[in-house]
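# Coordinates in review
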Amino acid sequence: MVVKINKICIDCSLVDGPGLRTLVFFQGCDLRCPFCQNKAIWGLKGGQDIEVDELVKILESRCVTRKITITGGEPLMQVEALKELVRKLKDFDLCLYTGHERKDVPEEIIKYLKYLKTGPYIHSKRTTTMRFVGSSNQKFEVLK
């Protein structure tokens, strides 16, 4: 199965979930929140197509911390590829960032996650005091 990603940042983030994390940015977003920090990856014309198996190989060989945050764009736009990716990365510490609500995240994805950030970014509720979220309406959950 093919997934469209914008980029991979290997072991580069301390603010997108607990610990030093690798970020996988999915290409495309259906929410388009005003003041989004990733507007450049909203469209589906950018990014690159990659087989999920190839992406897994890259992450297995290069992600030393074994901590991955899947973000975007909006990962749920490619829900079938996302399901396959998290299943194949089941031995990693996985976090999903989505602007959708928790009820919109399929259980077959949630069961592989350690962390889940949900809710759209709302600029009038911007916060710098809550860990791992950009606005106070968003929720960051420890799932296991």
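First things first, this report covers the structure right here in the doc. None of these values were measured; they are calculated from a predicted model.

### So, the overall build of the chain
Along the chain, the regular secondary structure elements total three helices and seven strands. When its helices and strands are written in sequence order, the chain yields β-β-β-α-β-α-β-α-β-β. Taking the principal axes of its C-alpha atoms as reference, the chain extends roughly 40 × 35 × 30 Å. Relative to its full complement of 144 residues, the chain shows a buried share of 48%. In the chain, 56% of the contacts between residues at least 6 apart in sequence involve partners at least 24 apart. Within the structure as shown, the chain displays about 7500 Å² of accessible surface, and the carbon and sulfur contribution to it stands at 51%. Of the charged side chains in the chain, 24 are positive and 18 negative, and the gap between their average positions amounts to 5 Å.

### Details of a nonpolar patch on the surface
On the surface, Leu-14, Val-15 and Leu-20 cluster together to form a nonpolar patch covering roughly 300 Å² of accessible area. The topology assignment puts Val-15 in the loop between strand S1 (2-13) and strand S2 (21-26).

### Quick look at helix H1 (residues 52-62)
Listed in full, the buried residues belonging to H1 are Val-52, Leu-55, Val-56 and Leu-59. When H1 is viewed along its axis, its buried side chains cluster within an angular range of 100° and face the same direction. Those residues of H1 that are exposed and aimed more than 90 degrees away from the buried face are Lys-57 and Ser-61. Where the residues of H1 are buried, they touch S1, S2, strand S3 (48-51), strand S4 (67-71) and helix H2 (79-88).

### Comments concerning the sheet that holds strand S5 (residues 93-97)
What the seven strands build is an open sheet, ordered S3-S1-S2-S4-S5-S6-S7; its pairing is mixed. Two strands lie at the open edges of the sheet, namely S3 and strand S7 (139-142), each paired on one side alone. Within the sheet, the average angular offset between the axes of one strand and its neighbour, ignoring direction, is 30°. Relative to S3, S1 runs antiparallel, the two being bridged by four bridges. In the sheet register, Lys-4 faces S3, and the bridge partner there is Asp-49.

### Description of the environment of Glu-80
Tracing the backbone shows Glu-80 in helix H2. Side chain to side chain, Glu-80 and Lys-83 meet in a polar contact 3.1 Å long.

### Details of the pairing of S5
Of all five residues that make up S5, five are buried, and the element is covered over most of its length. In this view, the connection linking S4 to its parallel neighbour S5 by way of H2 has right-handed handedness. Pairing of S5 with strand S6 (residues 115-118), which is carried by three bridges, proceeds in the parallel orientation. Bridge assignment links Cys-95 to a residue of S6, and that residue is Tyr-115.

Rules behind the numbers
Residues numbered from 1 in each chain as written. Predicted model: local features only at pLDDT ≥ 70, side-chain atom pairs only at ≥ 80, totals over all residues. Heavy atoms only, no water. Helix = DSSP H or I, 4+ residues; strand = E, 2+ residues; numbered from the N terminus. Buried < 20%, exposed > 50% of the residue type's maximum accessible area, 1.4 Å probe, protein only. Contact = heavy atoms within 4.5 Å. Areas by Shrake-Rupley, 256 points an atom, 1.4 Å probe, with all protein chains shown as cover. Lys, Arg positive; Asp, Glu negative; His and termini not counted. Charge placed at Lys NZ, Arg CZ, Asp CG, Glu CD. Patch = residues over 30% accessible without salt bridge, like charges linked within 9 Å, V, L, I, M, F, W, Y side chains within 5 Å. Salt bridge = Lys/Arg side-chain N within 4 Å of Asp/Glu carboxyl O. Arc of directions from axis to C-beta. Pairing = 2+ DSSP bridges. Axes fitted to C-alpha atoms, helices over the stretch in contact; angles between N-to-C directions. Polar contact = N/O pair within 3.5 Å; in protein donor to acceptor, adjacent residues only side chain to side chain. Right-handed = clockwise from strand over helix to strand, strands pointing away.

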